[in-house]
Amino acid sequence: MTMQRSVVLGCGSYLPSRVLTNQELARAVETSDEWIVQRTGIHERRVAAAGELTSDMALHAARAALANAKIDAQSIDLIVLATSTPDQTFPASAVSVQAGLGITHGAAFDLQAVCSGFVFGLATTDGLLRTGAFKRALVIGSETFSRILDWSDRTTCVLFGDGAGAVVLEAQEQPGTREDRGVLTVHLRSDGRHKNKLYVDGGPSSTQTVGHLRMEGREVFKHAVSMITDVVVDAFKATGYTANDIDWFVPHQANKRIIDASAHKLGIAPEKIVTTVDRHGNTSAASIPLALSDAVADRRIKRGNLVLLEAMGGGFTWGAALVRW
Ligand code: UT7
């Protein structure tokens, strides 16, 4: 029986031009290139220019995705922007993207699930497209974590970067088998018992300030691999696919050690892993669409490929998706 699937039409990304290297950070805090590379795999990250907003970067990424999909912005009727660093508390940064694209129909809203935001956004968008309420959507991840970092805290300031990525999804009738194109399955999880392990120490309702990112890195690390692999196994069970069937593994880019350990535990071959953490650092909700755009641009990911996405972050939140490109 045929069914509606959310099929990827294209993707695009944007990185601010300013590159911040480990060597520069080592001049500001007690750290070293060697420590950062060994513990995280990060060599450099991007930092947004003064006045460059999350919505500005999201708009660049959205335009790149529309160009890649070869479609007009006016055919988009849904914009979901995953971010934990919105321009303002409200309105949603997504409406600035909508206005920037000249769209006055349909709907636009932000979604916040920290580093898992893109997977949560993909799931939300997939659900809305499959109801028939919307036809074509932009799912965007855009972050300016540089604005919420404590630049004197070496345990966090070396880890994060700024950037944006976007994917265009379209509701299409597909045969209704696991060979279909589009989002085949998405699995979301959260567990608020861990909410104090990775958080921002401010907010409108609590302190009336924006606050700074705080993390018990070792604690997050301890849970990351098992949470990621559990939810990926859920995605495999739901489809009957296994690690051998995956063409590309596009994980959230927090730490190369977490990515490699997760792939190893799942039995995913190292050559199937798409890695950008070395150049981007952890861009939270933007990391997966940034990595997807990289691998699409250099023709690693091609139409028909089976792509596995996963993310884990503050909350804790975590999730995985299987998408046939
Ligand atoms: O995006 C989603 C969520 N975030 C993550 O997934 C991040 C998860 N956590 C991690 O990636 C790792 O835990 C870190 C990269 C944050 C830290 O690596 P680690 O191997 O867990 O190191 P650690 O926290 O156990 O610290 C080891 C040592 C400590 O010194 P002592 O206590 O052993 O004397 C730290 O104080 O390294 C020290 N350290 C540093 N040294 C140089 C911490 N940060 C730095 C630094 N430079 N930047």
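Keep in mind that this is a model prediction, so the values were computed, not measured. (Residues numbered from 1 in each chain as written. Predicted model: local features only at pLDDT ≥ 70, side-chain atom pairs only at ≥ 80, totals over all residues. Heavy atoms only, no water.)

Student: Explain the packing of helix 7 (residues 217-239) against helix 8 (residues 256-266) to me, using residue names and the numbers behind them.
Tutor: Contact pair helix 7 / helix 8: the axes reach a minimum separation of 9 Å and the direction vectors enclose 40°. Relative to helix 8, helix 7 is oriented oblique. Crossing of helix 7 over helix 8 shows right-handed handedness. Residues Phe 221, Ala 224, Val 225, Ser 226, Ile 228, Thr 229, Val 232, Val 233 and Phe 236 of helix 7 form the contact with helix 8, whose participating residues are Arg 257, Ile 258, Ala 261, Ser 262, Lys 265 and Leu 266. When its residues are assigned to classes, the contact of helix 7 with helix 8 shows 10 nonpolar, 3 polar and 2 charged. (Axes fitted to C-alpha atoms, helices over the stretch in contact; angles between N-to-C directions. Helix = DSSP H or I, 4+ residues; strand = E, 2+ residues; numbered from the N terminus. Parallel < 35°, antiparallel > 145°, perpendicular 65-115°, else oblique. Left-handed = near helix turned anticlockwise from the far one by under 90°. Contact = heavy atoms within 4.5 Å. Nonpolar A, V, L, I, M, F, W, Y, C, P; charged D, E, K, R; others polar.)

Student: Explain helix 5 (residues 117-131) residue by residue, including any values.
Tutor: In this model helix 5 runs 21 Å from its N-terminal to its C-terminal C-alpha over 15 residues, within 8% of the 21 Å that 1.5 Å per residue would give. All of the buried residues along helix 5 are Gly 117, Phe 118, Val 119, Phe 120, Gly 121, Leu 122, Ala 123, Thr 125, Asp 126 and Leu 129. Where helix 5 ends, the next residue or the one after it, Gly 132, has phi of about 90°, a positive value. (Expected span 1.5 Å × (residues − 1). Buried < 20%, exposed > 50% of the residue type's maximum accessible area, 1.4 Å probe, protein only.)

Student: Run through the domain arrangement of the chain, naming residues and quoting values.
Tutor: As assigned here, the chain comprises domain 1 (3-174) and domain 2 (182-324). Contacts between the two partners involve 51 residues from domain 1 and, on the opposite side, 47 residues from domain 2. Around 3700 Å² of area is buried between domain 1 and domain 2 when both sides are counted, 67% of it from carbon and sulfur atoms. Three residues, Cys 115, Val 119 and Ile 148, lead the burial of domain 1 against domain 2; their summed loss comes to 17% of the area buried on that side. Put simply, domain 1 and domain 2 have 1 salt bridge between them. The shortest N-O distance in the salt bridge between Asp 150 and Arg 214 comes to 2.9 Å. (Domains from an automatic or database assignment. Buried area = accessible area lost by both parts, 1.4 Å probe. Salt bridge = Lys/Arg side-chain N within 4 Å of Asp/Glu carboxyl O.)

Student: Mind laying out unusual backbone geometry, listing which residues take part and the relevant values?
Tutor: Leaving glycine out, the prevailing phi sign among residues is negative, and the prevailing peptide bond configuration is trans. The residue after Phe 90, namely Pro 91, is reached through a cis peptide bond having omega 0°. The peptide bond linking Gly 315 to Phe 316 adopts the cis configuration, its omega dihedral lying at -10°. With a phi angle near 60°, Gln 208 is a residue other than glycine that sits in the positive phi range. Within the secondary structure, Gln 208 sits in the loop between strand 9 (198-200) and strand 10 (213-215). Positive phi is not limited to glycine here, since Arg 299 has a value of about 65°.

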